[in-house]
Amino acid sequence: MSEASGATPEILVVDDDLYLLAALKQTLVLNGYATQAFGNPVEALASLEDHCYAAVLADIRMPQMNGMELLGRSMEQDPDLPVILITGHGDISMAVEAVKKGAYNFLQKPADEDIILATLARAIERRRLVLENR
């Protein structure tokens, strides 16, 4: 899928809290996004190999692989992929570290739906422009 073609943007959502994962997926689908949701970050990372996502929305604290590691490994596969990290246990230093490592943004849980949607829209537009300029 190519975001530059005007197709429905596909979002990768990763969170080990299955209730929150379902809520995020529902919000995104209701707002016109195709969504792949994973409770397991290792499976989510594997899906990056055969999908061209418009953006990633991932929790920071997860078993098997934390969001910072997911960020780094996803950037290795696709350096222009915007990754938005969400956490309920964050602080300013964690946010700064995430952005320095390439995160598009860092949101605190509970993240307001409008903030998530606005952040995703900006991230997707940035990615579209980057891909278009190539």
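As a reminder, the structure under discussion sits directly above these lines.
What you are looking at is a predicted structure, and each value in this text was computed from that prediction instead of being measured. (Residues numbered from 1 in each chain as written. Predicted model: local features only at pLDDT ≥ 70, side-chain atom pairs only at ≥ 80, totals over all residues. Heavy atoms only, no water.)

**What to know about the overall build of the protein chain**
- Summing up its helical and strand segments, the protein chain has five helices and five strands in all.
- If you list the helices and strands of the protein chain from N to C, you get β-α-β-α-β-α-β-α-β-α.
- Its C-alpha radius of gyration of 13 Å places the protein chain within 12% of the 14 Å reference for a compact globule of 134 residues.
- By principal-axis analysis of the C-alpha atoms, the protein chain measures approximately 35 × 30 × 25 Å.
- Taking all 134 residues of the protein chain together, 43% fall into the buried category.
- Pairs at least 24 residues apart make up 61% of the contacts formed inside the protein chain by residues separated by at least 6 positions. (Helix = DSSP H or I, 4+ residues; strand = E, 2+ residues; numbered from the N terminus. Rg over C-alpha atoms; globule rule 2.2 N^0.38 Å. Buried < 20%, exposed > 50% of the residue type's maximum accessible area, 1.4 Å probe, protein only. Contact = heavy atoms within 4.5 Å.)

**Considering the nonpolar core**
- Counting residues in hydrophobic clusters, the biggest one holds 23 residues, and the most contacted among them are Leu12, Val14, Leu70, Leu85 and Phe106.
- Listed by contribution, the elements that provide at least two residues to this core are strand 1 (10-14), helix 2 (41-47), strand 3 (55-59), helix 3 (67-77), strand 4 (83-87) and helix 4 (92-100). (Core = buried A, V, L, I, M, F, W, Y, C linked by side-chain atoms within 4.5 Å.)

**Digging into the pairing of strand 4**
- Most of strand 4 sits inside the fold, with five of its five residues counted as buried.
- Alternating residues of strand 4 divide into Val83, Leu85 and Thr87 and Ile84 and Ile86, and every residue in both groups is buried.
- For strand 3 and strand 4, the ladder comprises four bridges, and the chain directions are parallel. Opposite Ala58, over in strand 4, you have Leu85 as the bridge partner. (Pairing = 2+ DSSP bridges.)

**Here's the deal with unusual backbone geometry**
- In this model, Lys109 is joined to Pro110 through a cis peptide bond whose omega is -10°.
- Tracing the chain through its elements places Pro110 in the loop between strand 5 (105-108) and helix 5 (113-133).
- The backbone phi angle of Gln64 is positive, close to 75°, even though this residue is not glycine.
- Tracing the sequence through the fold places Gln64 in the loop between strand 3 and helix 3.

**Focus on the sheet that holds strand 1**
- Taken in spatial order, the five strands line up as 2-1-3-4-5 in an open sheet, and their pairing is parallel. The open sheet terminates on both sides in strands that have one partner only, identified here as strand 2 (34-38) and strand 5. Each neighbouring strand pair of the sheet contributes to a mean axis angle of 20°, computed without reference to strand direction.
- Pairing of strand 4 with strand 5 involves four bridges; the strand directions are parallel. Considered in strand 5, the bridge of Leu85 is made with Phe106.
- Against the sheet, helix 5 engages strand 1, strand 3, strand 4 and strand 5, with an angle of about 175° to strand 5. (Axes fitted to C-alpha atoms, helices over the stretch in contact; angles between N-to-C directions.)

**Here's the deal with helix 1 (residues 18-30)**
- With 13 residues, helix 1 extends 18 Å between its outermost C-alpha atoms, agreeing within 8% with the 18 Å of an ideal straight helix rising 1.5 Å per residue.
- Buried residues of helix 1: Leu21, Leu24, Thr27 and Leu28, and no others. End-on, the buried residues of helix 1 take up no more than an arc of 130°, which puts them together on one face. Relative to its buried face, helix 1 has exposed residues pointing more than 90 degrees away, namely Leu18, Tyr19, Gln26 and Leu30.
- On its buried face, helix 1 is in contact with strand 1, strand 2, strand 3 and helix 5. (Expected span 1.5 Å × (residues − 1). Arc of directions from axis to C-beta.)

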